[in-house]
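# Structure assessment
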Amino acid sequence: CRSSLIIVMKRTSYPTLENENDTRERLREMGVSIYVPEEEKEGTMRRREEQKIVEAMEEFSHFVLDEGSESNIRCRSVVQNDKDSTVSELQGGNADVRIYRVSIPQDEEEEQEQVEAKAANLLLAMFHSAPQGKRYRNVFTFPKIRQYMLRMCNRHSEDMGNGERHYSEIGNFMFILQFGGGRTAGQVRHIDNMTSNLQVCLYMSTDCPSTIIYEMENNYVSSDAPSEDGRGCESDGAICGSADLLRYWKVQLQNQGGDGTKLPKLIQDILETMGNDELKQKWYSKYFSFWGTINLHLGTFGKLYQSVAYQHSLKKTQPGTTLIAGGNEVHSGPPTDGPRMFVFGVGYPDDNGENTSEQQVDDANVHSFDSDEDNDGEVQYSPVLLHIDFCTLLFCILRHSKEMSGEGEELHKEAKLFLVRMLIVLVKDYPMKDYLLQIDSSRNALTFWLEELLNDLNDEGVVNKLVLSAVASNEIFYTPEVIKRYRRRKTKTRRGNT
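Criteria and cut-off values
- Residues numbered from 1 in each chain as written.
- Predicted model: local features only at pLDDT ≥ 70, side-chain atom pairs only at ≥ 80, totals over all residues.
- Heavy atoms only, no water.
- Pairing = 2+ DSSP bridges.
- Helix = DSSP H or I, 4+ residues; strand = E, 2+ residues; numbered from the N terminus.
- Axes fitted to C-alpha atoms, helices over the stretch in contact; angles between N-to-C directions.
- Contact = heavy atoms within 4.5 Å.
- pLDDT = per-residue confidence, 0-100.
- Phe/Tyr/Trp six-rings, centres within 6.5 Å; stacked < 30°, edge-to-face > 60°.
- Buried < 20%, exposed > 50% of the residue type's maximum accessible area, 1.4 Å probe, protein only.
- Lys NZ or Arg CZ within 6 Å of the ring centre and 35° of its normal.
- Expected span 1.5 Å × (residues − 1).
- Arc of directions from axis to C-beta.
- Polar contact = N/O pair within 3.5 Å; in protein donor to acceptor, adjacent residues only side chain to side chain.
- Salt bridge = Lys/Arg side-chain N within 4 Å of Asp/Glu carboxyl O.
- Parallel < 35°, antiparallel > 145°, perpendicular 65-115°, else oblique.

## Digging into the sheet that holds strand β3 (residues 99–103)
Taken together, seven strands build an open sheet; the order of strands is β1-β9-β6-β11-β4-β3-β2 and the sheet is antiparallel. Single-partner strands in this sheet number two, and they are β1 (33–35) and β2 (87–90). Shown here is a sheet whose adjacent strand axes are inclined to one another by a mean of 25 degrees, direction ignored. Sheet strands touched by helix α6 (residues 142–159): β1, β4 (167–178), β6 (198–203), β9 (322–326) and β11 (340–349). Its angle to β4, the strand with the most contacts, is close to 115 degrees.

Below, the structure is given as structure tokens:
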């Protein structure tokens, strides 16, 4: 049973810079802005309104989070008893402290009564009717919070030398909050697909730890080696396509004392020849149609394979502090020792969709990354989940593609062993039970295998047996459709032998 799972391994910790000023400067060099609200007593009407919004954020966060207060009890009830599917849990919490995302309605055509019943609207209405919130009724509203965030997006655009790019819409708009004083370990690092958009975090609670941004090691790819990303991955040395991933794995083998030229032949063949193949075209790879191609997917999520050089964050931010980062930065929620609350949104530029690749053709039956509005952060990968899906795709290609299915059994085993052993390395870097909850519910064999691995990750004997069982399995690293066809064929074979 999953609830009995106990994780005892220590997660990898990453270097940090010595002081906060160095952190801010390095984040800026990485294209990440942190804006602190202005504290001028005199100023324009807009500036005074912004200061009022910042005051309201602090009051609102106390209203929602102050442990044991009447308002806190009522707000907990609204969030925890939501029946309208506008509240869900995020990874990074635990049995004692849960992290909630509370979606803020944006559909102007929805009936007013339905909108008012949403959890976010109920929280705001309760605050506006309370003594401490009445004076903020006209300044602390969802449209004005959006405008505040948009001004920060456009300020960021100018500061980064992209002043011609204007932001006029905030999407995937939500509160992220956690009640109580218990400790959380923080989220696993991940990327939310927001390519060409901005992720905006507007911190509301006092002394709120900021999102962690990860600086990745980029020193394994030669500067004259072009990437095959298909999507404009901008960082020199980043993994943006299959050619980059091949080079990275070769360097990893060399660093482990092996021969970097001895990467399994079939892995090399797939990545060298199939990186631009549309996955929706083959029945055995259609499960990953939303990737587009291997290269397109690695163009967004490939950085997750890289080692972490540093992690950057601010231990305490004050209400109104805004963090703005590019759409595919590696990041995570921080460890916490108390309640925390902020507003999250995705900043969409006015040139929505103009810069997307011609290869990203919309398909009625397939989620594609065709327009900036599709890149709203709802498709998310961590290193472990990315490699689990990559293993699954390559196992399916090895078994069913014409180019690979005729290769010898030993070559297949060599390729599968390499892929699964790479997964073990990633799991050991950051072991957590939340992976079990993030895997497609139809993939039972994979879930049970991963649970057993997490339980016995410190026992090399058990781990080796699990690696071999995964390589030999006809279900663990295969998609539901491939498993279904395998079972049908197996049933027909049995009937034919009776």
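## Focus on the sheet that holds strand β7 (residues 212–216)
Pairing within the open sheet is antiparallel, and its three strands lie in the order β8-β7-β10. With partners counted over all chains shown, the strands left at the sheet margins are β8 (308–312) and β10 (331–332), one partner each. Bridge analysis of β7 against β10 gives two bridges, and the strand direction is antiparallel. Residue I212 lies in a different strand from β10, and its bridge partner there is S332.

## Structural notes on the confidence of the model for the protein chain
Summarising the model, the protein chain shows a mean pLDDT of 85, and 83% of its residues fall at 70 or more. Every residue in residues 1–9 is under pLDDT 50, and counting partners more than four places away or in other chains gives 19 contacts. Note on residues 353–373: pLDDT under 50 across the span, and 45 contacts to partners over four residues away in sequence or across chains.

## Quick look at the packing of aromatic side chains
Following the criterion strictly, the structure yields 24 aromatic pairs and no others. An angle of 55 degrees between the planes, with centres 5.9 Å apart, marks the rings of F142 and F175 as tilted. Pair noted here: F142 is in helix α6 and F175 is in strand β4, with a separation of 33 residues, a long-range link. F175 carries the same exposure label as F142, and that label is buried. Among the aromatic residues, ring-to-ring pairing joins W249, Y287, F288, W291, F301, Y305, Y381, F390 and F418 into one connected group. The positively charged end of R399 is found above the aromatic ring belonging to Y478, 4.0 Å away from the centroid.

## Section: helix α15 (residues 460–472)
An ideal rise of 1.5 Å per residue puts 18 Å on 13 residues; α15 measures up with 18 Å between its terminal C-alpha atoms. Those residues of α15 that sit buried are V463, L466, V467, A470 and V471. Viewed along the axis of α15, the buried residues span an arc of 135 degrees, placing them on a single side of the element. Exposed and oriented more than 90 degrees from the buried face of α15 are K465 and A472. Taken together, the buried residues of α15 touch α10 (383–400), α12 (409–429) and α14 (444–455). The opening residue of α15 is D459, an N-cap whose side-chain oxygen sits 3.1 Å from the backbone nitrogen of G461.

## Some points on the pattern of salt bridges
Per the counting criterion, the structure on display carries 19 salt bridges. The salt bridge involving R24 is made with E20; its shortest N-O contact spans 3.7 Å. One end of the pair, R24, and the other, E20, are both in helix α1 (residues 20–29), four residues apart, so they sit about a helical turn from each other. The partly exposed category is assigned to R24, whose relative accessible area is 29%. Taking relative accessible area as the criterion, E20 reaches 36% and is therefore assigned partly exposed. Among the salt bridges present, the one from K144 reaches E49, with a minimum N-O distance of 3.5 Å. With a gap of 95 residues between them, K144 in helix α6 and E49 in helix α2 (residues 45–65) connect regions that are remote in the sequence. Beyond isolated ion pairs, a larger network of salt bridges with shared partners links R26, E29 and E215.

## With respect to the environment of L446
Structurally, L446 is set in helix α14. Note on L446: relative accessible area 1%, which makes it buried. Separated by 24 residues in sequence, L446 and A470 place their C-alpha atoms 8.7 Å apart. Filtering out sequence-adjacent residues up to four positions away, L446 remains in contact with I388, I439, I476 and F477.

## Digging into the packing of helix α8 (residues 265–273) against α10
Helix-helix packing is described using two parameters, namely the angle between the two axes and the distance between the axes. Axis separation between α8 and α10 bottoms out at 11 Å; the angle between their running directions is 95 degrees. One finds that α8 runs roughly perpendicular with respect to α10. In this structure, α8 contributes L266, I267, I270 and L271 to the contact, and α10 contributes F390, L394, I397 and L398.

## A look at the pairing of β6
Of all six residues making up β6, six are buried, and the element is well covered by its neighbours. Residue alternation in β6 divides its side chains into two sets, L198, V200 and L202 and Q199, C201 and Y203, and both sets are buried. Relative to β9, β6 runs antiparallel, the two sharing five bridges. Residue pairing in the sheet places L202 in a bridge with T322 of β9. In this structure, β6 lies alongside β11, joined through six bridges in antiparallel fashion. Counted as the bridge partner of C201 is F344 from β11.

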